[in-house]
Amino acid sequence: MKAFIVVTFFICFTMVLKAQEMQPYVFSGGKNFVGKSVFQLEYGVNFERQINDSSRFNQQISQYALIKYGALQGLDILINYNYAREQTFVSDQMRRSNGLANLTVGVKKKLGKNYSLKSNFGLLKDELGKTRGRFQVFGISEHSLNSSLAWENNLGLNWAKVNLQANLMYLSGLTFTTPHPMDFIIEIYGQYGQQTWNNYANIGLGYYFNKDLMLETYIGYGNNLSSILI
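The structure contained in this document is the topic of the report that follows. (Residues numbered from 1 in each chain as written. Predicted model: local features only at pLDDT ≥ 70, side-chain atom pairs only at ≥ 80, totals over all residues. Heavy atoms only, no water.)

Some remarks on the overall build of the protein
Heads up, the condition is: Note on conventions: DSSP H or I runs of at least 4 residues are helices, E runs of at least 2 residues are strands, and numbering of each starts at the N terminus. Categorising residues by exposure relies on relative accessible area from a 1.4 Å probe, with only protein chains included: less than 20% of the type maximum marks a residue as buried, more than 50% marks it as exposed, and the intermediate range marks it as partly exposed. What makes two residues a contact is simply this: any of their non-hydrogen atoms within 4.5 Å. Here the accessible surface of atoms and residues is derived via Shrake-Rupley with a 1.4 Å probe, and residues count as covered only by protein chains that are part of the display.
Broken down by element type, the protein carries zero helices and twelve strands. Ordered by position from the N terminus, the helices and strands of the protein form the series β-β-β-β-β-β-β-β-β-β-β-β. Looking at the protein as a whole, 40% of its 230 residues qualify as buried. In the protein, 49% of the contacts between residues at least 6 apart in sequence involve partners at least 24 apart. Element-wise, carbon and sulfur atoms account for 62% of the exposed surface of the protein, whose accessible area totals about 12,700 Å².

Considering the pattern of salt bridges
In plain terms, the rule: The working definition used for a salt bridge is a side-chain nitrogen of Lys or Arg within 4 Å of a carboxyl oxygen of Asp or Glu.
Counted according to the given criterion, the structure contains two salt bridges. In this structure, Lys68 and Glu42 form a salt bridge, with 3.6 Å as the shortest nitrogen-oxygen distance. Here Lys68, found in strand E3 (residues 56-72), pairs with Glu42, found in strand E2 (residues 38-53); they are 26 residues apart in sequence, far enough to count as distant. Classification of Glu42 by relative accessible area gives buried; the value is 6%. The salt bridge partner of Lys108 is Glu142, with a shortest N-O separation of 4.0 Å.

A few points about the packing of aromatic side chains
This is how the line gets drawn: Only centres within 6.5 Å qualify two rings of Phe, Tyr or Trp (six-membered ring in Trp) as a pair; their planes then separate them into stacked at under 30 degrees, edge-to-face at over 60, and tilted for everything else. As a reminder, the over-ring test applies to NZ of lysine and CZ of arginine, requiring each to be within 6 Å of the ring centre and within 35 degrees of the ring normal.
Under the counting rule described, the total for this entry stands at six aromatic pairs. Here Phe39 and Tyr69 contribute two aromatic rings whose centre-to-centre distance is 4.9 Å and whose plane-to-plane angle is 40 degrees, an arrangement assigned as tilted. Here Phe39, found in strand E2, pairs with Tyr69, found in strand E3; they are 30 residues apart in sequence, far enough to count as distant. On the accessibility criterion, Phe39 (34% relative accessible area) is partly exposed. Their ring planes at 70 degrees and their centres at 4.4 Å tell us that Tyr192 and Trp197 sit as a pair that is edge-to-face. Take Trp197: its relative accessible area is 46%, and that puts it in the partly exposed class. Its guanidinium or amino end placed over the ring of Phe33, Lys108 lies 4.8 Å from that ring's centre, counting from NZ or CZ. Against the face of Phe138 rests Lys118, its NZ or CZ located 5.5 Å from the ring centre.

Here it is in structure tokens:
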């Protein structure tokens, strides 16, 4: 078993392209639909350390950018780019450093008041420099439990690299909204498959500077039984 420590932050900016009625604030970093003719940009940095044993660990620093565009009131187009640098240390000596990158294009379609479907296709460049394809599909439910508490659940399938066998992916999170401008977030997520078995837990804090700009940060811990990186 490999232990993971994860620290993430991202900033979210929303821009309205034409006059319309908008919600006063985005939902926890814009996880809901952004609205027709609205652009939303997210930029984030993620630090992850994988502890193999007392003398060996891997660490990864990644940057990502996500663009959301509301083509319709209940239809978003998503473009995501991620670039990561991974390093392996043995007895405080660095053995290797790789650049991993992926580009993903997808759509999110509203199916009902609290339900939506998201699918995306991505191209990944692995540590050997080879480009691989990936396809994902998610069912999403988002419910307001009361005026200050929201519950989101994602369940989906992930086909990565050349594997024909899909991995099962899940996420479940609670967002507690204090009197604006702050959110508190607790979430668990993971992935299961023939060669993958991992789980994470995060706690986060979101701060709204105004209705169009917010910052969200997370810290988390998890374990990974994967024999391959996907």
